[in-house]
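Each chain, letter by letter, is given below.
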Amino acid sequence: MSISTADVIVTSPGRNFVTLKLVTSDGVVGWGDATLNGRELAAAAYLRDHLVDTLIGRDEDRIEDTWQYLYRGAYWRRGPVTMAAIAAVDMALWDIKAKKAGVPLYQLLGGASREKLRVYAHASGNDYAALSQAIRGYVEEGYTAVRIQTGVPGLDSVYGVSATAKPGEKYDYEPAHRSARPDEEEWDTPAYLRHVPTIFEKVREEFGPELRLLHDGHHRMSPIEAARLAKSLEPHDLLWLEDATPGEDQDAFRLIRQHSTTPLATGEVFNSVYDYQTLITERLIDYVRSAPTHTGGVTGMKKLLDFAGIYGIRSGLHGPTDVSPIGMAAALHIDLAIHNFGIQEYMPHSDLTLETFRTSYTFDRGFLHPGDTPGLGAELDETLAAQHPYTPAYLPVNRLLDGTLHDW
Ligand code: CS2
Ligand code: MG
């Protein structure tokens, strides 16, 4: 059998998603996610203009060979657009293989290594009262791990802290205001570094020692600033400090490590195992943060996590709302199968997104399971998708108080 059609669908049920649909000559359908937040049309064009023709007539069972053909054979390797496009093809092929076998994908990856997947929620608040109310909501729902993001005195808005959610509102689907041109936000690192440890102190005081706490630095610190934050958060026992410095400077992590035992996570903007090479072989991080959607799919992510596992580094896969439910399903199957699972990020999609994509994964008291539907267990309703055309939307950019453009 072979691939007979390949369609790229761009839809915006609440936010933009890029989906690949492959159909085999005997009618088996496979779905893949190539969503690249703010650069969706580039990934869609890469698929439509450069990959779709090469897929028609290929044997759908040859997943590794197809992956190597698209990665090694393309001359231009790596990069977010390429790796998101490869990811969509790879997920769709795994979806097809598992459907043909009549099993959920995790069975083909070695079977379940655990019963359920611990997830962490996003709690944020402009002040401590709002944050505390958000955390309480999650704890009541059974979550055992929560990411803490706080407003900073003197700054109007902070990325990752909901500007619109009312105090205590549980889910924060869209922390940043996205618009057709990037918004500009202000940033002040000294004020942030002074404030964050005081918030973690209050959280520990109110919620006790057991709740797992995480924090995302969104690449905004210099190495020595990051080292200072990691050190000042040590008494509050974080599960991880994420993206403390810009990701492309792998050496920076050595400096943070020299100063602190706070566990470190990074990688949501990485797209290949080579972005992690120094970080993994020198054990400079504790968690791998990429999404299968941005890292060459199931095949790319399995290679990366197997490599990380040799060095005792665990997974903490990216699960924001800008990865589609298909990409999220792929992450969950990998999480369930690998040995070196750490935790999964869970930012539930909006109701509109979940009406347009149907999923079989389930949430129960702080844990997810990918479900037992054959394949990925996630698909797109094309009729509903057609009702939500692409809408230009960008993440904000970030400037220091004097106007200098700053890191993310
Ligand atoms: C965040 C994301 O999930 C996270 O850790 O950093 O919300 C990230 O900002 C978005 O995925 C950007 O596309
Ligand atoms: Mg992040």
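Please refer to the structure placed before this passage.
Because the structure is a prediction, the values reported are computed rather than measured. Note on numbering: residues in each chain are counted from 1, in written sequence order. Whichever chain is written first becomes A and whichever ligand is written first becomes 1, with later ones labelled in order. Local features in a predicted model are, by the rule used here, given only for residues with pLDDT of at least 70; side-chain atom pairs are given and counted only at 80 or more, and totals for whole chains, interfaces and linings are based on all residues. Based on all heavy atoms of the structure, the side-chain values leave hydrogens and waters out of the count.

Colleague: How do you make sense of the coordination of the magnesium ion (ligand 2) when you look at a structure like this?
Modeller: Note on metal sites: the ideal angle is 109.5 degrees for four tetrahedral donors, and 90 or 180 degrees for six octahedral donors. The magnesium ion (ligand 2) binds to the protein through Asp216 (OD), Glu242 (OE) and Glu268 (OE); the donor distances cover 2.1 Å. A 2.8 Å cut-off from the metal defines N, O and S donors, relaxed to 3.2 Å for Na, K and Ca; water is not in the atom list, so some sites may appear incomplete. Binding-site remark: the magnesium ion (ligand 2) is held by donors from one chain whose sequence spacing is D-x25-E-x25-E. Residue Asp216 is located in strand S7 (residues 212-216), and its partner Glu242 is located in strand S8 (residues 238-242); the two are separated by 26 residues in the primary sequence. As far as burial versus exposure is concerned, Asp216 and Glu242 are alike and both buried. Each helix is a run of DSSP H or I of at least 4 residues and each strand a run of E of at least 2, with the numbering of both proceeding from the N terminus. Buried, partly exposed and exposed residues are distinguished by accessible area as a fraction of the type maximum, computed with a 1.4 Å probe on protein chains only: under 20%, between the cut-offs, and over 50%, respectively.

Colleague: How should the sheet that holds strand S2 (residues 17-24) be read in this particular structure?
Modeller: The strand order across the open sheet formed by three strands is S1-S2-S3, and the pairing between neighbours is antiparallel. Taken across any chain shown, the strands that pair with only one partner, and hence form the sheet edges, are strand S1 (3-11) and strand S3 (29-33). Across the sheet, the mean angle from the axis of one strand to that of its neighbour is 20°, orientation sign disregarded. Sheet topology note: the S1/S2 ladder contains eight bridges and is antiparallel. Paired with Val10 across the bridge in S2 is Val18. By the convention used here, residues are in contact when the closest approach between their heavy atoms is within 4.5 Å. The angle between two axes is taken between their N-to-C directions and runs from 0 to 180 degrees, where each axis is a line fitted to C-alpha atoms and a helix contributes only its stretch in contact. Running at roughly 170° to S1, helix H1 (residues 40-55) makes contact with S1 and S2 of the sheet. Packing against the sheet, helix H3 (residues 80-101) makes contact with S1, S2 and S3, and its axis sits at approximately 150° to S3. Only when DSSP finds a minimum of two bridges between them are two strands counted as paired.

Colleague: Explain the site of ligand 1 to me, please; I cannot follow it from the model alone.
Modeller: Each residue is tested against the molecule or strand, and it is near if at least one of its non-hydrogen atoms lies within 4 Å. Taken together, 13 residues form the shell around ligand 1, and within it Asn37, Tyr159, Glu268, Asp322 and Glu345 come nearest. We call two N or O atoms a polar contact when they sit within 3.5 Å, provided that within protein one can donate a hydrogen and the other can accept it, with sequence-adjacent residues counted only if both atoms are side-chain atoms. A distance of 3.5 Å is found between an oxygen atom of ligand 1 and a side-chain nitrogen or oxygen belonging to His218. One nitrogen or oxygen atom from the side chain of Glu345 is found 2.5 Å from an oxygen atom belonging to ligand 1. Protein contact buries 92% of the 340 Å² of open area that ligand 1 shows by itself. Put simply, the grid is 1 Å and covers the protein atoms alone, a cavity is a trapped set of points that fit a 1.4 Å probe, a pocket is an open set with protein on both sides within 12 Å along at least five of seven lines, and lining residues have an atom within 4 Å of a point. What decides whether a molecule sits in a cavity or pocket is whether more than half of its atoms lie within 2 Å of the grid points. Given that more than half its atoms are within 2 Å of the pocket grid, ligand 1 belongs to the largest pocket. Any residue outside Ala, Val, Leu, Ile, Met, Phe, Trp, Tyr, Cys, Pro, Asp, Glu, Lys and Arg is labelled polar, Gly included; the first ten of those are nonpolar and the last four are charged. Broken down by class, the residue content of the shell around ligand 1 amounts to three nonpolar, three polar and seven charged. Where accessible areas are quoted, they stem from the Shrake-Rupley method and a 1.4 Å probe; at the residue level, only the protein chains shown are allowed to cover.

Colleague: Explain empty space enclosed by the protein here, please?
Modeller: It is the rolling of a water-molecule-sized probe over the atoms that shows where space remains empty. Grid points are joined across faces, edges and corners, and a volume is the space filled by probe spheres set on the points. One pass over the full model with this rule turns up three cavities of 30 Å³ or more. The calculated volume of the largest cavity comes to roughly 70 Å³. For the largest cavity, the lining is made up of 13 residues, of which Gln149, Val158, Tyr159, Tyr192 and Asp216 are closest to its centre. Where the lining of the largest cavity is concerned, the elements lending two or more residues are strand S5 (145-150), helix H6 (189-207) and S7. Taken together, the residues of the lining of the largest cavity sort by class into six nonpolar, five polar and two charged.

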